[in-house]
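Structural features, examined
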Amino acid sequence: MSGLVLKLNPRERVLVNGAVIENGDRRSRLSILTPNANILRLRDAIRPDEVNTPVRRVCYIAQLVLSGDVDEEDAKLQILRGIEQLSQALRDDDSRTHLDHATEAVGRLDFYRALKSLRNLLQREARLLGTAPQ
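The present account deals with the structure reproduced in this document. Keep in mind that what you see is a predicted model, and the values were worked out from it rather than measured.

About the thresholds
- Residues numbered from 1 in each chain as written.
- Predicted model: local features only at pLDDT ≥ 70, side-chain atom pairs only at ≥ 80, totals over all residues.
- Heavy atoms only, no water.
- Core = buried A, V, L, I, M, F, W, Y, C linked by side-chain atoms within 4.5 Å.
- Buried < 20%, exposed > 50% of the residue type's maximum accessible area, 1.4 Å probe, protein only.
- Helix = DSSP H or I, 4+ residues; strand = E, 2+ residues; numbered from the N terminus.
- Contact = heavy atoms within 4.5 Å.

**Focus: the nonpolar core**
I39, I79, I83 and L118 are the most contacted members of the largest nonpolar core, which totals 37 residues. Taken together, the elements giving at least two residues each to this core come down to β1 (4–8), β2 (13–16), β5 (39–41), α1 (54–66), α2 (72–89), α3 (93–107) and α4 (111–119). With nine residues, α1 is the largest single contributor of residues to this core. Setting aside residues up to four positions removed in sequence, I79 forms contacts with V58, I61, A62, V106 and F111.

Below, the structure is given as structure tokens:
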């Protein structure tokens, strides 16, 4: 993923290709120039004990690829299956758009963009399930 710009708050942590990087005392911007770098903001990370809904499960698999804990090819099939299952329940146009974007991103092995698209569904899922978003 080239051309990504990260805007980090003071002391914010980010995982870049498996290495945890912490920002200093001031806000900063980092430009990621390396294509296909795996990036994950730790403030956005889903913890294992928070994987308690269908959307969170699919997001978590994408997150595991970005953290380097799962092979891309192994995760690709699981994520695509999860997206297919979600598409059977989330039938509105907006959800379909996010699911389509996630599917396309997974097809390109762009798990950052897939995760970004899937995260857009978390609040909708919480409303449908009658739970508070985490």
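**Some details on the environment of V70**
Mapped onto the secondary structure, V70 falls in the loop between α1 and α2. V70 sits 38 residues away from I32 along the chain, and the two C-alpha atoms are 22 Å apart. Among all residues touching V70, those that are not within four sequence positions of it are L64, V65 and A75.

**Some words on the environment of V106**
Positionally, V106 belongs in helix α3. The exposure class assigned to V106 is buried, which follows from its relative accessible area of 0%. Along the backbone, V106 and A62 are 44 residues apart, and their C-alpha atoms lie at a distance of 8.9 Å. Not counting the four nearest positions on each side in its chain, V106 is found in contact with K76, I79, L80, I83, F111 and A114.

Everything listed here is a matter of coordinates, which is why it stays silent on function.
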